[in-house]
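# Structural characterization, general
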Amino acid sequence: QKEVEQDPGPLSVPEGAIVSLNCTYSNSAFQYFMWYRQYSRKGPELLMYTYSSGNKEDGRFTAQVDKSSKYISLFIRDSQPSDSATYLCAMSKAAGNKLTFGGGTRVLVKP
Amino acid sequence: EADIYQTPRYLVIGTGKKITLECSQTMGHDKMYWYQQDPGMELHLIHYSYGVNSTEKGDLSSESTVSRIRTEHFPLTLESARPSHTSQYLCASSDLRTSGRETQYFGPGTRLLVL
């Protein structure tokens, strides 16, 4: 069983819709949670970084962490075609530790 | 924008050839990483380095080797390429001191096809 599970998609939404992405994990030692965006033929880029449980908002992006359920989410409001990409969750047990990635969810935002 | 570079971007090579994938960063980061990513699959850590002359194997077993002679340079070498090595290789770097948190910056990747 993988430590981090993520639905591969694709998730297709109309422009302006809310995109909802999530990951589940099995290891309760994970403390730091990240979301990366990866465009086709590019390397991943960090979108959101959160520590422990709670919410974090940055512009159109909101990240949520529920450690009791071992579940993290990313919401994208007012989605744009430029948001079409693969979104990867990642987590680590301590700051500076190696990251464990989910498999990524491919998102398509249609104009 | 992250200053981390990978060359070549694409490489098609025959079985048995020796190849070196280059990775350089100009941010002065201590930590560098190599990941392998197959299409639609998660990133698997194959090598990492926490500084000059420090290298460790990652979570995924790999026949490749790495070296870290200079802070900015972290090349990956395959002595004898095989079709099973066909994949995308991503290099990343990070510095906890600079960013205050573990932010890994990724290069654009090298897509390797071994025939």
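In case you missed it, the structure is sitting above this.
First, a word on what this report is: a plain description of the structure on this page. (Residues numbered from 1 in each chain as written. Chains lettered and ligands numbered in written order. Predicted model: local features only at pLDDT ≥ 70, side-chain atom pairs only at ≥ 80, totals over all residues. Heavy atoms only, no water.)

### Quick look at unusual backbone geometry
All names here are of chain A. Residue proline 10 is bonded to the preceding glycine 9 through a cis peptide linkage, with omega at 10 degrees. Relative to the helices and strands, proline 10 resides in the loop between strand E1 (4–6) and strand E2 (11–14). Positive phi, close to 60 degrees, is recorded for serine 52, a residue that is not glycine. Mapped onto the elements of the fold, serine 52 is located in the loop between strand E5 (45–51) and strand E6 (54–58). (Helix = DSSP H or I, 4+ residues; strand = E, 2+ residues; numbered from the N terminus.)

### Comments concerning the packing of aromatic side chains
Under the criterion given, the structure shown has 11 aromatic pairs over all chains. Where tyrosine 32 of chain A meets tyrosine 49 of chain A, the ring centres are 6.1 Å apart and the plane angle is 50 degrees; that geometry is what we call tilted. Separated by 17 residues along the polypeptide, tyrosine 32 of chain A in strand E4 (residues 32–38) and tyrosine 49 of chain A in strand E5 bring together distant segments of the chain. There is no split in this pair, since tyrosine 32 of chain A and tyrosine 49 of chain A are both buried. Joined through ring pairs, the aromatic side chains of Tyr36 and Phe101 of chain A together with Tyr33, Tyr35 and Phe106 of chain B make up one cluster. (Phe/Tyr/Trp six-rings, centres within 6.5 Å; stacked < 30°, edge-to-face > 60°. Buried < 20%, exposed > 50% of the residue type's maximum accessible area, 1.4 Å probe, protein only.)

### A word on the side chain of threonine 105 of chain A
Following the sequence through the fold, threonine 105 of chain A ends up in strand E11 (residues 105–110). The contacts of threonine 105 of chain A, once residues within four sequence positions are left out, are Gln6, Asp7, Pro8, Gly9, Leu11, Leu21, Ala85, Thr86 and Tyr87 of chain A. (Contact = heavy atoms within 4.5 Å.)

### So, the environment of tyrosine 71 of chain A
All names here are of chain A. Within the fold, tyrosine 71 resides in strand E8 (residues 71–76). Classification of tyrosine 71 by relative accessible area gives partly exposed; the value is 34%. Sequence spacing of tyrosine 71 and serine 53 is 18 residues, and the spatial spacing of their C-alpha atoms is 9.7 Å. Not counting the four nearest positions on each side in its chain, tyrosine 71 is found in contact with Asn22, Cys23, Thr24, Tyr25, Gln64, Val65 and Asp66.

### Some thoughts on the sheet that holds strand E3 (residues 19–25) of chain B
The strand order across the open sheet built from 4 strands is E1-E3-E8-E7 (chain B), with neighbouring strands paired in antiparallel fashion. Looking along the sheet, the strands with just one partner apiece sit at the ends: strand E1 (4–7) and strand E7 (65–66) of chain B. (Pairing = 2+ DSSP bridges.)

### As for the environment of leucine 11 of chain B
All names here are of chain B. Take leucine 11: it is sitting in strand E2 (residues 10–13). In sequence terms leucine 11 and serine 94 are 83 residues apart; their C-alpha atoms lie 26 Å from each other. If we ignore the near neighbours within four places in the chain, the residues touching leucine 11 are Ile19, Leu21, Arg111, Leu112 and Leu113.

### Description of the interface of chain A and chain B
Facing the 20 residues of chain A at the interface are 24 residues of chain B. For the pair chain A and chain B, the two sides together bury roughly 1800 Å², of which 52% comes from carbon and sulfur. It is Arg41, Lys98 and Phe101 of chain A that lose the most area in chain A upon contact with chain B, and together they represent 32% of the buried surface on that side. Linking chain A with chain B are 2 salt bridges. As a salt-bridge pair, aspartate 59 of chain B and lysine 98 of chain A come within 3.3 Å of each other at their nearest N and O atoms. There are 4 residue pairs in polar contact (both at pLDDT 80 or more) connecting chain A and chain B. For the side of chain A that touches chain B, the secondary-structure elements that each account for two or more residues are E4 and E5 of chain A. Of the residues forming the side of chain A that touches chain B, the biggest block, 3 residues, is contributed by E4 of chain A. Looking at the side of chain A that touches chain B residue by residue, the classes come out as 9 nonpolar, 6 polar and 5 charged. (Buried area = accessible area lost by both parts, 1.4 Å probe. Salt bridge = Lys/Arg side-chain N within 4 Å of Asp/Glu carboxyl O. Polar contact = N/O pair within 3.5 Å; in protein donor to acceptor, adjacent residues only side chain to side chain. Nonpolar A, V, L, I, M, F, W, Y, C, P; charged D, E, K, R; others polar.)

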